[in-house]
Amino acid sequence: PFASPPSHLFAHLLSASRRRAQPFPPRAAHRRPARRSGGVRRAMAFLFGAALGLVLGVGVVMLFARLENARAEQRRELAATVSSFSKLTVQDLKNLIPPELYPSWVSFTQKQKLSFYLYLPLIFMLSSTAASELIKTSVEPIFEQYKSFILASLHFSKLTLGTVAPQFTGVEILESDNSSVTMELEMQWDGNPNIVLDIQTTLGISLPVQVKNISFTGVFRLVFKPLVAELPCFGAVCCSLREKSKVDFTLKIIGGEMTAVPGISDAIEGTIRDTIEDTLTWPNRIIVPIVPGDYSDLELKPVGVLEVKLVEARDLKNKDLVGKSDPFAVLYIRPLREKTKKSKTINNDLNPIWNEHYEFEVEDISTQHLTVKVYDDEGLQASEIIGCARVSLTDLQPGKVKDLWLDLVKDLEVQRDKKPRGQVHVELLYYPYAKHEGVSNPFANQVQLTSLEKVLKTESNGYDVKQRKNVIMRGVLSVTVISAEDLPPMDIGGKADPFVVLYLKKGETKKKTRVVTDTLNPIWNQTFDFVVEDALHDLLMVEVWDHDTFGKDYVGRCILTLTRVLLEGEFQDTFTLQGAKSGKLNVHFKWTPQPIYRDRDRE
């Protein structure tokens, strides 16, 4: 019943069975030749890369060595050139440079200036060691003058300037006259010096302090004077900073922390900054003699005297948690210890009255200023600053009194803190030593001061300040209390019953006006005479009170110096009441002198 399969089907099955029975070749034996070929290629590539890297490395080293040898050869040639320049004379320079190549400003009699300019590059070729030694010997004595009272001594134990050279971003030559040349160099330096200070504190503690991360940006002013005919073509160099420059640095005690000794960081930083600012900022200068000689004429010399009367302060910020601050003031033009004045301390008072008189020498009225700093006396601990203020001397007119209320700030450089810290009251009077153009003696043409004028006036019509100290300004002060304006209401009805009390700070006698009832704008027109024993150092206290049936209420006051009436003889002015919400006082002054001379009293 089943049909037989076709013959070709049997042949196909037989062929397939034979193919399955035939074994396959081993897999490993099939791939082994390919693996052997890839490993050889990688080995060859590694060896080629290593050989190429070796050849390139040797080439770079040889190239670097060749460049270093070339630079060394250039330095040797430069040293030989410098040595040759140092032996040149003015006649040699005339022979080397033809006249047609001279700059237009060089005349035949100024050939030495040309040699000066050729020599300028040599000034900056000082070695680091020589420059470090120069700085050390010059700066250490200055540190002793500016060190804080916390520091007993301050010396360099290590000083190298490092490997980073300063960058000079601008050079300008300023010709002043035929005897000097002024050059200004704009410089920036972010150096890596190794500076270690050996600090001895007044407590007997020795501290090694490292000065790190120094950054300086400023303009150096170099004055080469006098010019001479031989190289280096100048006798001395006056070095200074054209203006106050930016100097940043950090301090670190080696093996310790700056906070371990309270106040030491501020003392060191203040010493360094005061030294830089006061000794280098123009007109201050450091004189470096090049050729032996007398260069005293290059030194900064006093040109006048500034008389400062520290009168009072008001509304000072309280620094004490219990009670009130104990304020005192420090005043200076230059922060040298012997030129800094310190007032007495007024205990537990935010409105102190000092009434102290100081004198400061002025060396350059166009650039210098008076600095006033008010501190809270903390006894054995470091005093805490309440605020500071500064007055530019250019704002003063010679021979004229200037009465100022100065707002105190936290920092004179960075005034970010706008919180009120109080005010300080000063009176300033500047006298030039020699005759000042357009300014006459302030005591001249005053009939009542003729005897004083003979003492104060010198043959050159200048101001003999030393002789002024021998004069006691005795006389009669006539004070007319004219009126008051816009007084604050003191009674329930919005009025007041004001009267005025007057007395001298150094006296005991008090004068009192009549009471004017029910008014905020009283008129008195009453005159009072005071015998003043020493008018230069006394104050007139003027107080306004409100009269009540069972007492009196304080309204406000004015504290007035007598310097202006001494100079002018008679004047009238309006004064704002201190301590009152509003109010002004109109007063007239007249002075009748009876000067006394100390030398006569002794005789």
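Model, not experiment: these values are computed from the prediction.

1. A word on the packing of aromatic side chains
Taken as a whole and judged by the stated rule, the model has five aromatic pairs. Both rings, one in Phe328 and one in Tyr375, keep their centres 5.6 Å apart while their planes meet at 15°; by these two values the pair is stacked. Of this pair, Phe328 sits in strand β10 (residues 327-332) while Tyr375 sits in strand β13 (residues 369-376), and the two are 47 residues apart along the sequence. Note on accessibility: Phe328 and Tyr375 belong to one class, buried.

2. Here we look at the confidence of the model for the protein chain
Per-residue pLDDT for the protein chain has a mean of 77; in total, 74% of the residues score no lower than 70. Between residues 102-127, whose pLDDT stays under 50, and residues either more than four places distant or in other chains, the model counts 49 contacts. Low pLDDT (under 50) marks residues 436-463, which in the prediction has 53 contacts with non-local residues, meaning those over four places away or in another chain.

3. Side note on the side chain of His369
Following the sequence through the fold, His369 ends up in strand β13. Polar contacts involving the side chain of His369 include one to the side chain of Arg390, which spans 3.2 Å. When sequence neighbours within four positions are dropped, the list of residues in contact with His369 reads Tyr332, Ile333, Arg390, Val391, Ser392 and Leu393.

4. Looking at the pairing of strand β18 (residues 475-485)
Of all 11 residues in β18, nine are buried, a share of seventy percent or more. Of the pairings in the sheet, the one linking β18 to strand β25 (residues 584-593) comprises 10 bridges and is antiparallel in character. Following the sheet pairing, Leu477 is matched in β25 by Trp591.

5. Some remarks on the sheet that holds strand β23 (residues 551-561)
The strand order across the open sheet built from four strands is β20-β19-β22-β23, with neighbouring strands paired in antiparallel fashion. Each edge of the open sheet carries a strand with a single partner, namely β20 (510-512) and β23. Recorded for the sheet is a direction-independent mean angle of 20° between the axes of neighbouring strands.

6. Observations regarding a nonpolar patch on the surface
A grouping of Val40, Met44, Phe46 and Leu47 is seen on the molecular surface, where their side chains present a nonpolar patch of about 460 Å² in accessible area. Looking at where Leu47 falls in the secondary structure, it is placed in helix α2 (residues 27-86). Residue classification places Leu47 among the exposed positions, given a relative accessible area of 53%.

7. Thoughts on the UniProt feature "transmembrane region" (unreviewed entry) in the protein chain
Under the present numbering, the feature "transmembrane region" (unreviewed entry) in UniProt falls on residues 45-65 and 116-135. Along residues 45-65, the helical share is 100% and the strand share 0%, with 30 Å between the first and last C-alpha atoms.

8. Description of the pattern of salt bridges
This model, assessed by the stated rule, comprises 12 salt bridges. Where Arg557 meets Glu312, a salt bridge forms, and the shortest distance between an N and an O atom there is 4.0 Å. Of this pair, Arg557 sits in strand β23 while Glu312 sits in strand β9 (residues 304-314); the two residues are 245 residues apart in sequence, bridging distant segments of the chain. Arg564 is paired through a salt bridge with Asp573; the nearest N and O atoms lie 2.8 Å apart. In this structure, a network of salt bridges that share partners links the residues Glu184, Arg221 and Arg242.

9. Observations regarding unusual backbone geometry
Working note: non-glycine residues mostly have negative phi, and peptide bonds are mostly trans. Between Lys225 and the following residue, Pro226, the backbone shows a cis peptide bond with an omega angle of -5°. Mapped onto the secondary structure, Pro226 falls in the loop between β5 (206-224) and β6 (236-241). For Asp315, which is not glycine, the phi dihedral falls at a positive 55°. As for its placement among the helices and strands, Asp315 is situated in the loop between β9 and β10. Look at Asp486: it is not a glycine, yet its phi comes out positive at around 55°. Relative to the assigned elements, Asp486 resides in the loop between β18 and β19 (498-504). With a relative accessible area of 48%, Asp486 lands in the partly exposed category.

What counts and how
- Residues numbered from 1 in each chain as written.
- Predicted model: local features only at pLDDT ≥ 70, side-chain atom pairs only at ≥ 80, totals over all residues.
- Heavy atoms only, no water.
- Phe/Tyr/Trp six-rings, centres within 6.5 Å; stacked < 30°, edge-to-face > 60°.
- Helix = DSSP H or I, 4+ residues; strand = E, 2+ residues; numbered from the N terminus.
- Buried < 20%, exposed > 50% of the residue type's maximum accessible area, 1.4 Å probe, protein only.
- pLDDT = per-residue confidence, 0-100.
- Contact = heavy atoms within 4.5 Å.
- Polar contact = N/O pair within 3.5 Å; in protein donor to acceptor, adjacent residues only side chain to side chain.
- Pairing = 2+ DSSP bridges.
- Axes fitted to C-alpha atoms, helices over the stretch in contact; angles between N-to-C directions.
- Patch = residues over 30% accessible without salt bridge, like charges linked within 9 Å, V, L, I, M, F, W, Y side chains within 5 Å.
- Areas by Shrake-Rupley, 256 points an atom, 1.4 Å probe, with all protein chains shown as cover.
- Salt bridge = Lys/Arg side-chain N within 4 Å of Asp/Glu carboxyl O.
- UniProt positions renumbered as here; feature names shortened; annotations may be inferred.

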